[in-house]
Amino acid sequence: MSKTTFLFAVLFLIGGSFTCHHCTVTSDPYIRAIDSLRQEGFEVTDLHAHLKGGLTMEQLLEHSRKTGIRYGVAINCGIGFPVYNDSSLRAYYNQVKDYPVYHAVQGEGREWTSLVSKETLSLFDYTFTDAMTYTDARGRRMRLWMPGEVFVDDPQEFMDYLVGKIEEILSSEPIRIYVNPTYLPEVIRDRYDELWTPERMDRLINALVKNHIALEINCANNIPSATFIKRAKNAGVKFTLGTNNSGAVLGYLEYGVKMIRECGLTPSDFWVPEGTVR
C-alpha cells in the first residue's frame, strides 16, 4: 500500500472521509478553489506546516478533513532549537510517527547537517531548508527575518552573496525542497523585482534543476513572484506548496492556489513525497 493510499484510509477511519466536505455543497470560496484543483488531478498538499502556537496534530487533521488539504508536518532542527541532535530528533519522530501525515525535518542554520546523522534523517519522509540563516563575508551571522540581525551594506553585493550562498546550500545540504525561496529582509523587500534580476533568478533555478530540488511556493510570504515561478516552470523545476505557519492558523494555501492558476501549473509540475508507511 502506498503512503498516499494509507493516508486516505486512516483519515477515513479516524474521522470520516478525508473529503467529507464534498458531502455537502460548501459556500466557502477557499474550499471550493481547493476542490476544483483536486478534481483536476492536483494533490493539494501543504508540505511546510508546523505544530506551533498551540496547534495540535488532532486540530491539523481536522483542518485537513475540512479543507481537503493533505499535510506534511515539519520539526525545526538546529542550534538553539529544542530538537538539535540525533537523540532529540528520534524522540520527536517516535512521538509523531503514527499520525497520518508526512513527517519532515526543517534544517535551521548551516550547522544542522553536522548535528544529525543521515540514518536519523532517513526516518523522515523528506527534509528541507531555506537560506534565511547564514554568516556573511564579514563573519556576521544573520537571520534575515530579524531586522536587528541583518546587515545590508550594499544591496547589490548583498544579493550576489545571498545567491552564491543559496547555490552552496542547494549543492551541499541533503534536502528535497528549498523553502522560503527568494526571501528578502525587510530593509530591501520593496526592491524585490529590481534585485531578483533574470541572471540571479536563473542561477537559483539552475541550481535547483542540477540538484533535483523542488521549489516551494510559500503562502506565508507570498513568494516567489509569478515571474520567478513561470521562469522556473519553463526550466523544469518541480514545485511544492507551503504554509510555513508561525501560529495555530493554517489557512487555505491561498497564494499557492493563485499561482497555480496565474502561472499555468499542472499536477505534473508538483513534487510529492513517495514511500510506504513504516
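Refer to the structure printed above.
Just so we're clear, the structure is a prediction, and the values are computed from it rather than from any experiment. (Residues numbered from 1 in each chain as written. Predicted model: local features only at pLDDT ≥ 70, side-chain atom pairs only at ≥ 80, totals over all residues. Heavy atoms only, no water.)

J.: Can you help me understand the packing of helix α2 (residues 29-39) against helix α11 (residues 254-262) in this one?
T.: Between two packed helices, what matters for the description is the angle formed by their axes and the separation of those axes. Here α2 crosses α11 at 45°, and the two axes come no closer than 11 Å. Comparing the axis directions of α2 and α11 gives the class oblique. Read as a crossing pair, α2 and α11 show a hand that is left-handed. Here Tyr30, Ala33, Ser36 and Leu37 of α2 lie close against α11, whose contacting residues are Glu254, Val257, Ile260 and Arg261. (Axes fitted to C-alpha atoms, helices over the stretch in contact; angles between N-to-C directions. Helix = DSSP H or I, 4+ residues; strand = E, 2+ residues; numbered from the N terminus. Parallel < 35°, antiparallel > 145°, perpendicular 65-115°, else oblique. Left-handed = near helix turned anticlockwise from the far one by under 90°. Contact = heavy atoms within 4.5 Å.)

J.: What am I meant to see in unusual backbone geometry here?
T.: Glycine aside, negative phi is the norm for most residues, and most peptide bonds take the trans geometry. Note that the residue after Ile223, namely Pro224, is joined by a cis bond; omega there is 0°. By the element assignment, Pro224 lies in the loop between β8 (214-218) and α10 (226-235). Here His212, not a glycine, exhibits a phi torsion of approximately 55°, which is positive. The topology assignment puts His212 in the loop between α9 (198-211) and β8.

J.: I'm lost on the nonpolar core in this one. Help?
T.: Across soluble globular proteins, nonpolar side chains show a tendency to be buried alongside one another. Counting residues in hydrophobic clusters, the biggest one holds 75 residues, and the most contacted among them are Leu60, Leu144, Leu162, Tyr178 and Trp196. Here the element with the most residues in this core is helix α7 (residues 155-172); it accounts for 7 residues. Setting aside anything within four residues of it in sequence, one finds Tyr178 in contact with Thr129, Asp130, Ala131, Ile166, Leu170, Leu204, Leu208, Ile213, Ala214, Leu215 and Glu216. Within the second largest apolar cluster, 10 residues are counted, among which are Ala74, Tyr126, Phe128 and Ala214. (Core = buried A, V, L, I, M, F, W, Y, C linked by side-chain atoms within 4.5 Å. Buried < 20%, exposed > 50% of the residue type's maximum accessible area, 1.4 Å probe, protein only.)

J.: Just checking my understanding: could you explain the pattern of salt bridges for this structure?
T.: Close approach of charged atoms allows side chains with opposite charge to pair. Overall, the coordinates contain 15 salt bridges when judged by the stated rule. Between Asp153 and Arg140 there is a salt bridge, with the nearest N and O atoms lying 2.7 Å from each other. Placement of Asp153 in the loop between β6 (141-143) and α7 and of Arg140 in the loop between β5 (133-135) and β6 is noted, with a sequence separation of 13 residues between them. One salt bridge in this structure joins Arg191 and Glu194, with 2.7 Å as the shortest N-O distance. A relative accessible area of 29% places Arg191 in the partly exposed class. One connected set of salt bridges, linked through shared partners, spans Asp136, Arg138, Arg140 and Asp153. (Salt bridge = Lys/Arg side-chain N within 4 Å of Asp/Glu carboxyl O.)

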